[in-house]
Amino acid sequence: MSLLKLLIFHPILMLSAFTGTAHGYYEYMTAECVYSTSDYSDMVLLLSYSFNHVMHLQYNSSVGKFVGYTEQGVKHAEGFNKNQAYMQQVKAAVDTFCRPNAQILDSAVRDKSVKPMITLRSARQADGSRPAVLMCSAYEFYPKKIKVSWLRDGKEMTSDVTSTMEMANGNWFYQIHSHLEYTPKSGEKISCMVEHASFSKPMIYDWDPSLPEGERNKIAIGASGLVLGIIIAAAGLIYYKKKSAGRILVPN
Ligand SMILES: *[C@@H]1O[C@H](CO)[C@@H](O)[C@H](O)[C@H]1NC(C)=O
C-alpha cells in the first residue's frame, strides 16, 4: 500500500471542530519509518495526525493502535481502532510501506558515501604564553556521521580537543572542524585521525611541524611580490633608458 493510499483512505474530519477561528487551517499527516538496523528488524511506523501544529493522534506500530492526545484525537483514535479494514492496512504498512521504501532509500542515498577532503593546518603557533593550535578539517563528506580525533605518538588525546558539530553545506554534504591545543615537544608525532563510512579503515594524517603552511605561504607571497617588483622596476628602467637615448636633441 502506498503512502498516498493511506492518506486518501483515512476519513478524518477534524475541520468541523475548529470552524470560526480567523486564519487558515493546516491539517497534515506524517508517516515516519524509524529504524537503526540494516536488516530493518527494529522498524517502527509512526502515523501522526496534526491540525494547526497540534498533534491529535498517533499510531505507533510497537503499540499497535491509535492513541489520542486531545479530546478530538481520542474520539478519532477510537474510530480508527474500531475500523478493522483500515487497521489491517495500517498494521501491514511496516512491511508494505516502511521496509520496501527504506530499502530503496538506503541503496539510493544512505549507502552512497562520499569521502571527506581532509586538511590539517596550524591555526595558531605557540608563543611564550599560549600553546599552539592545530586544526583538522573534513570537507564535503556524506553521510553526516564522522569521528575526528587526535593522536600523540599513536595514542588518542582527549584533553584540549574541541570540535564543531557536523555542519550541513545545504547540498547533502557536511563539514566538520576539530581543534587541538597543545604544547609542541620535539620528537613527538601529532596526527589527526578521521573515521567515516566512506573509508575502509581509520585514516591518519600526520602533522609536519617543519613546514607551517601559513608561514610558508606568507614567505612565498612576499618573495613573489619582491621578484615581480624587481622585474617591473627593471623593465621601467630599460624602457626609460631606451626612450631617452632615442630622443634627438635639437640645439636652439
Ligand atoms: C513507540 O512505542 C514504543 C513502545 O511503547 C516506545 O518505546 C517508542 O518510544 C514509541 N515511539 C515513539 C516515537 O513514540
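Numbering of residues begins from 1 in every chain and follows the order in which that chain's sequence is written. Restriction of local features to residues with pLDDT of at least 70 applies here, the model being predicted, together with a cutoff of 80 or more for giving and counting side-chain atom pairs; totals for whole chains, interfaces and linings are based on all residues. The side-chain values count all of the structure's non-hydrogen atoms but skip hydrogen atoms and water molecules.

Engineer: I would appreciate a short explanation of the nonpolar core in the present structure.
Structural biologist: The tendency in soluble globular proteins is for nonpolar side chains to be buried side by side. Throughout, nonpolar core names a set of buried Ala, Val, Leu, Ile, Met, Phe, Trp, Tyr and Cys residues whose side chains join them through atoms within 4.5 Å. Residue burial is assigned from relative accessible area. The probe radius is 1.4 Å, only protein chains are included, and a residue is buried under 20% of its type maximum, exposed over 50%, and partly exposed in between. Core analysis: the largest hydrophobic core is formed by 21 residues, its most contacted members being Cys136, Trp150, Tyr182, Ile190, Cys192 and Val194. Contributions of two or more residues to this core are made by β5 (117–124), β6 (132–141), β7 (146–152), β11 (174–182) and β12 (190–196). Helix and strand definitions follow DSSP, with helices as H or I runs of at least four residues and strands as E runs of at least two, each counted in order from the N terminus. Looking at which element gives the most residues to this core, the answer is β6, with five residues. The criterion used for residue contact is that any of the two residues' heavy atoms lie within 4.5 Å. Leaving out residues up to four positions away in the same chain, Cys136 has contacts with Ile118, Thr119, Leu120, Val148, Trp150, Ile176, His177, Ser178 and Cys192.

Engineer: What exactly am I supposed to notice about the pattern of salt bridges here?
Structural biologist: By definition, a salt bridge exists where a carboxyl oxygen of Asp or Glu is found within 4 Å of a side-chain nitrogen of Lys or Arg. Going through the model one piece at a time under the given rule, you end up with four salt bridges. Across the pair Glu181 and Arg124 runs a salt bridge, and its minimum N-O distance is 3.6 Å. Taken together, the positions of Glu181 in strand β11 and Arg124 in strand β5 put the pair 57 residues apart, joining distant regions of the chain. When its relative accessible area of 34% is taken as the criterion, Glu181 is described as partly exposed. What makes Arg124 partly exposed here is its relative accessible area of 24%.

Engineer: Would you explain a nonpolar patch on the surface in this entry?
Structural biologist: On the surface, a cluster of nonpolar side chains totalling about 330 Å² of accessible area is made up of Met55, Val63, Val67 and Tyr69. Summarising the element assignment, Tyr69 is placed in the loop between β4 (65–68) and α2 (71–82). A patch consists of residues exposed above 30% relative accessible area that lack any salt bridge, with like charges linked at up to 9 Å and nonpolar side chains (Val, Leu, Ile, Met, Phe, Trp, Tyr) linked at up to 5 Å. The protein chains shown are the only cover counted for residues, whose accessible areas, like all others here, come from Shrake-Rupley with a 1.4 Å probe.

Engineer: For this particular structure, what's the right way to read the packing of aromatic side chains?
Structural biologist: Here a ring pair, both rings aromatic, is described through the centre-centre distance and the interplanar angle of the planes. Pairs were defined over the aromatic rings of Phe, Tyr and Trp, the Trp ring being its six-membered one, requiring ring centres within 6.5 Å. Orientation was assigned from the angle between planes: stacked under 30 degrees, edge-to-face over 60, tilted for the rest. According to the stated counting rule, one finds 11 aromatic pairs in the structure shown. When the ring of Tyr35 is compared with that of Tyr40, the centres are 5.2 Å apart and the planes differ by 90°; the resulting orientation is edge-to-face.

Engineer: Would you explain the sheet that holds β7 in this entry?
Structural biologist: Consider a sheet: its strands pair through backbone hydrogen bonds, and that pairing is either parallel or antiparallel. Strand order in the open sheet made by the four strands is β8-β7-β12-β13, with antiparallel pairing throughout. In this open sheet, the two strands that pair with only one neighbour each are β8 (155–157) and β13 (203–206). Going across the sheet, the axis of each strand differs from the next one's by a mean of 40°, ignoring polarity. A pair of strands is considered paired only if DSSP assigns at least 2 bridges between the two. In the sheet, β7 pairs with β8 via three bridges, with the strands oriented antiparallel. Counterpart to Trp150 in the pairing with β8 is Met157. The axes are straight lines fitted to the C-alpha atoms, using for helices just the contacting stretch, and the angles between their N-to-C directions are given from 0 to 180°.

Engineer: I'm lost on the state of the cysteines in this one. Help?
Structural biologist: Every disulfide links exactly two cysteines, by a covalent bond between their sulfur atoms. Any cysteine sulfur atom paired with another within 2.5 Å is treated as part of a disulfide. Under the criterion given, the structure shown has two disulfides. Note on cysteine connectivity: Cys33 is disulfide-linked to Cys98, with sulfurs 2.1 Å apart. Handedness here is read from the sign of the S-S torsion; for Cys33 and Cys98, about -75°, the answer is left-handed. Linking Cys33 in strand β1 (residues 27–34) with Cys98 in helix α3 (residues 84–110), this pair joins segments that are 65 residues apart in sequence. The partly exposed category is assigned to Cys33, whose relative accessible area is 25%. On the accessibility criterion, Cys98 (1% relative accessible area) is buried. For the chain, the disulfide bridges join cysteines in the arrangement 1-2, 3-4, where the cysteines are counted in sequence order.

Engineer: Before we go on, may I ask you to explain the pairing of β13 in this structure?
Structural biologist: Every other side chain in a regular strand lies on the same face of the sheet, so the side chains alternate between the two faces. Direction of pairing for β12 relative to β13: antiparallel, over a ladder of four bridges. For Ser191, the partnering residue across the bridge sits in β13 and is Asp206. In this structure, the hairpin formed by β12 and β13 is closed by a connection of six residues.

Engineer: Can you walk me through the confidence of the model for the chain in this structure?
Structural biologist: Fine structural detail should not be taken from predicted coordinates in areas where pLDDT scores are low. Mean pLDDT over the chain stands at 86; residues scoring 70 or higher make up 87%. The predictor's confidence in any single residue is recorded as pLDDT, a number from 0 to 100. The weakest mean pLDDT in the chain belongs to helix α1 (residues 3–9) at 43; the strongest belongs to β4 at 97. Throughout residues 1–20 the model reports pLDDT below 50, and contacts reaching past four residues in sequence, or to other chains, amount to 37 contacts.

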